Every structure is written in C-alpha cells, then in structure tokens.
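Residues per chain, in single letters:
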Amino acid sequence: MISEFIKMNGYGLYVWSAFSFTLLSFTTLYLITKIQYVREKNKFVSKFGALDSKRAKVARLQTINREILSSSQSI
Amino acid sequence: MFKIFEPSKIFLITSKAPKYVMVLFAVVFTIGLLEALIFSPEDYKQSHSVRIMYVHVPAAWISLGIFSSITFLSLSGYIFKNKNFFLIAKSLAPSGFVFNIVALVTGSIWGKPTWGTWWAWDARITSMLILALFYLMYLVAWRIYENKEHVLKITTIITILGIINVPIIKYSVNWWNTLHQPASINVLSKSSIHSSMLFPLLIMTAAFALFSLLIFLMKYNTELIKIKNKGLDRL
C-alpha cells in the first residue's frame with residue numbers, strides 16, 4: 001500500500017519532485033529571510049550597545065528602537 | 001491621511017505577528033498536504049499527476065497577486081508621497097518571485113507526463129517566464145541603485161511595464177491556441193472543477209498565502225531595522 005502511494009500509478013516521480021521542489025524553495029526562502037533578519041537585529045543591538053548614555057537615551061525615545069530591543073529574542 | 005501606515009505603529013504588529021502566522025501556516029499547510037496527496041481523488045485522464053495542480057496553481061495565483069499588489073503600492077507611494085508603501089512593496093517581492101519560480105518549475109514537471117515535454121514556448125508559459133524576469137529586474141534594481149529617489153522611480157517603472165503582462169497571462173489561454181488548458185475556476189461563472197479537487201486547491205492556496213504573509217512580515221521587519229541601523233549611525 002505504501003509502495004502504491006509512493007509510485008502513484010507511475011506518476012510518483014513527477015508528483016514527488018514537484019512537491020519536493022516547492023518545499024525546498026519554501027525552506028530556502030524562509031532561512032535566507034530569517035538569517036537576514038537576525039543579522040540586522042544583531043547589528044542593531046551591537047550598535048545600540050556602543051552608544052554613550054546620552055545618545056542611548058535619545059534612541060530609546062523611539063518606539064521602534066524599544067520594540068527591536070525587546071523583541072531581540074523572538075522569531 | 002495615512003497615519004495607520006506609520007512604521008512605528010506597523011512595527012508594533014509586525015514584530016509580534018510572525019510566530020502566530022508561522023503556527024497557522026504549519027496547521028493549514030499540513031491539512032493541505034494531506035488533502036492534496038492522500039484524500040483528493042485521481043483524475044480520470046491525468047491520473048495522479050493531477051496532484052501537481054495543488055502546488056502549481058496556488059503558486060501561480062499568488063505570484064500574480066503579489067505583482068499586482070507591488071504595482072498598486074508603488075503607484076500609491078508616488079501619488080500619496082508615502083515611502084512606506086515602497087517598503088511594503090519591496091518586502092513582498094521575494095516571496096512573489098519564489099512563487100513565480102515554483103509555478104514555472106512545477107508546471108514544467110507537470111508538462112512532461114501531460115504534454116510529453118518539459119517546456120513549450122506557448123503563450124501562458126512564456127508570459128509567466130516574462131513575469132519572473134520583471135520580478136528579477138525589480139529585485140536587482142533595489143540592490144544596485146544607491147540613490148533612493150532613483151530606485152523608487154526605476155522600480156515603479158518596472159512594475160508599470162510588468163503589470164501589462166498580467167492580463168496577458170490571465171487571458172493567454174483564451175486569446176491564443178496553447179498547450180495550456182483554459183481556466184477551470186471562474187469567479188463570475190460556474191467552475192468546471194469538482195468540489196473534491198476544489199477544496200484541497202483552496203486549502204493549499206490559503207497555506208501559500210500564509211507563507212507569503214510570513215515572509216513579508218519578516219522581510220518588512222528586516223527593512224525597518226536596516227533603516228533604524230542607519231538612524232543610529234546618524235545619532
């Protein structure tokens with residue numbers, strides 16, 4: 001029964017390769033996007049850490065900056 | 001007028017949303033795969049090869065939808081002088097391009113058992129390939145142009161030229177004699193597809209839409225953090 005499911009009447013190679021290509025494309029796109037996101041976030045955190053207290057205080061006034069710092073563990 | 005589109009307000013939502021969208025996508029995609037590969041029936045003519053439709057058609061629909069949205073957002077960005085529209089459009093492009101490639105490759109795989117060839121220069125397939133080239137030009141333009149005003153102008157021109165191709169893709173199967181079959185699903189008239197196949201197709205379309213939303217959110221957040229990084233340099 002499993003063998004029939006895999007062979008799909010002789011069309012298994014086509015069906016499985018189409019689904020595999022789709023999954024591979026999704027995984028690659030997700031990983032690339034996530035790597036870019038984590039890289040930018042890490043860059044932001046290290047730049048923010050390098051600011052002196054006066055500039056850090058000014059930067060912290062912006063909502064987005066606070067959100068980026070607080071969400072540095074998410075995703 | 002577009003205060004709702006302020007990045008600070010959007011980021012409050014987009015920074016938290018990806019994890020929920022990811023869970024929803026995983027659930028819908030699993031149901032879609034089960035329906036597409038196990039529960040849906042085989043076709044009386046195409047047998048099991050019809051299952052390729054469940055990845056090919058949603059990918060094609062979403063790539064067309066995303067390109068239309070990119071054009072609309074780019075034009076709106078110009079009309080309303082709102083740069084955030086361009087940022088949203090830029091963040092949508094990678095998933096649109098990938099869906100376009102998935103549609104082309106899975107279509108080619110489906111073509112071999114159905115038509116006896118991997119590729120044919122017929123109107124539908126060629127116009128989809130042209131759309132992939134427009135996506136590529138759009139993405140490359142954002143990478144190569146340093147001047148911001150310049151890149152907004154160039155990418156908008158690319159989308160305006162590319163959108164001409166979208167109705168050609170849609171109606172190519174009606175306008176020309178092609179290998180590609182005519183549309184089985186019509187919004188305004190009765191669809192020729194059976195509900196046992198339509199249901200998995202719609203589930204997979206929902207899953208693909210959720211995946212493009214997930215990628216969009218992550219990409220949009222990345223673009224906003226990039227801008228904020230530049231802002232920290234200027235402090």
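Residues numbered from 1 in each chain as written. Chains lettered and ligands numbered in written order. Predicted model: local features only at pLDDT ≥ 70, side-chain atom pairs only at ≥ 80, totals over all residues. Heavy atoms only, no water.

**What to know about the overall build of chain B**
Under the convention used in this document: In this text, helices come from DSSP runs of H or I with a minimum length of four residues, and strands from runs of E with a minimum of two, each type numbered from the N-terminal end. When we talk radius of gyration, it's over C-alpha atoms, and the globule rule is simply 2.2 Å times the number of residues to the 0.38. Exposure is judged per residue with a 1.4 Å probe applied to protein chains only, and the accessible area is read against the type maximum: over 50% gives exposed, under 20% gives buried, and values in between give partly exposed. Should any heavy atoms of two residues lie within 4.5 Å, those residues are considered in contact. Each accessible area value is a Shrake-Rupley result obtained with a 1.4 Å probe; residue values ignore everything except the protein chains displayed when judging cover. Charge counting treats Lys and Arg as positive and Asp and Glu as negative, with His and both chain ends excluded. Note on charges: their place is set at NZ of Lys, CZ of Arg, CG of Asp or CD of Glu.
Looking only at helices and strands, one finds eight helices and zero strands in chain B. Reading the secondary structure of chain B in the N-to-C direction produces α-α-α-α-α-α-α-α. Its C-alpha radius of gyration of 20 Å places chain B within 12% of the 18 Å reference for a compact globule of 235 residues. With the C-alpha coordinates of chain B rotated into their principal frame, the extents come out at 65 × 40 × 30 Å. Taking all 235 residues of chain B together, 51% fall into the buried category. Of the contacts made within chain B by residues no fewer than 6 positions apart, 76% connect residues no fewer than 24 positions apart. By element, 70% of the accessible surface of chain B is carried by carbon and sulfur atoms, the whole surface being about 11,700 Å². Charge separation in chain B, taken as the distance between the mean sites of 21 positive and 9 negative side-chain charges, equals 6 Å.

**Remarks on the environment of Glu223(B)**
Residue and element names in this part refer to chain B. With respect to the helices, strands and loops of the structure, Glu 223 is situated in helix α8 (residues 195-234). Overall, the relative accessible area of 4% leaves Glu 223 in the buried class. In this structure the C-alpha to C-alpha distance between Glu 223 and Ser 91, which are 132 residues apart in sequence, comes to 7.7 Å. For Glu 223, the contacting residues outside a window of four places in its chain are Leu 87, Lys 90 and Ser 91.

**With respect to the packing of aromatic side chains**
Basically, it comes down to this: Put simply, two rings from Phe, Tyr or Trp (the six-membered ring, in Trp's case) pair if the centres are within 6.5 Å, and we call them stacked under 30 degrees between planes, edge-to-face over 60, tilted for the rest.
Per the stated rule, a full pass over the model turns up 21 aromatic pairs over all chains. When the ring of Tyr14(A) is compared with that of Trp118(B), the centres are 6.2 Å apart and the planes differ by 50 degrees; the resulting orientation is tilted. Of this pair, Tyr14(A) sits in helix α2 (residues 12-49) while Trp118(B) sits in the loop between α4 (83-115) and α5 (123-144), on two different chains. With a relative accessible area of 18%, Tyr14(A) lands in the buried category. Relative accessible area serves as the criterion here: at 45%, Trp118(B) is assigned to the partly exposed category. An angle of 35 degrees between the planes, with centres 6.0 Å apart, marks the rings of Phe26(A) and Phe29(B) as tilted. With Phe26(A) in helix α2 and Phe29(B) in helix α2 (residues 17-39), the pair connects residues from two separate chains. The burial state of Phe26(A) is the same as that of Phe29(B); both residues are buried.

**Looking at the nonpolar core**
Put simply, the rule is: Working definition of a nonpolar core: buried Ala, Val, Leu, Ile, Met, Phe, Trp, Tyr and Cys residues. They are joined through side-chain atoms within 4.5 Å.
Met53(B), Phe208(B) and Phe211(B) are the most contacted members of the largest nonpolar core, which totals 85 residues. In terms of residue count, α8(B) provides more of this core than any other element does, 17 residues in total. Not counting the four nearest positions on each side in its chain, Phe208(B) is found in contact with Thr22(A), Phe26(A), Phe29(B), Tyr54(B), Val55(B), Pro58(B), Ala59(B), Ile62(B) and Phe99(B).

**Comments concerning the confidence of the model for chain A**
The condition is simple: A score between 0 and 100, pLDDT records how confident the predictor is in each residue.
The pLDDT averaged across chain A works out to 87; a share of 95% of its residues lies at or above 70. At the low end of the mean pLDDT range in chain A sits helix α4 (residues 63-70) of chain A, at 76; at the high end sits α2(A), at 95.

**What about the side chain of Asn229(B)?**
Structurally, Asn229(B) can be placed in helix α8. Every residue in contact with Asn229(B), bar those within four places of it in the chain, is listed here: Glu40(A), Lys43(A), Phe44(A) and Lys47(A).

**Focus on the pattern of salt bridges**
Residues and elements named next belong to chain B. The following threshold applies: When a carboxyl oxygen of Asp or Glu is within 4 Å of a side-chain nitrogen of Lys or Arg, the pair counts as a salt bridge.
Across all of its chains, the model carries six salt bridges over all chains by this definition. Put simply, Lys 83 and Glu 149 hold a salt bridge, and the shortest N to O gap is 3.2 Å. Separated by 66 residues along the polypeptide, Lys 83 in helix α4 and Glu 149 in helix α6 (residues 148-163) bring together distant segments of the chain. With a relative accessible area of 45%, Glu 149 lands in the partly exposed category.

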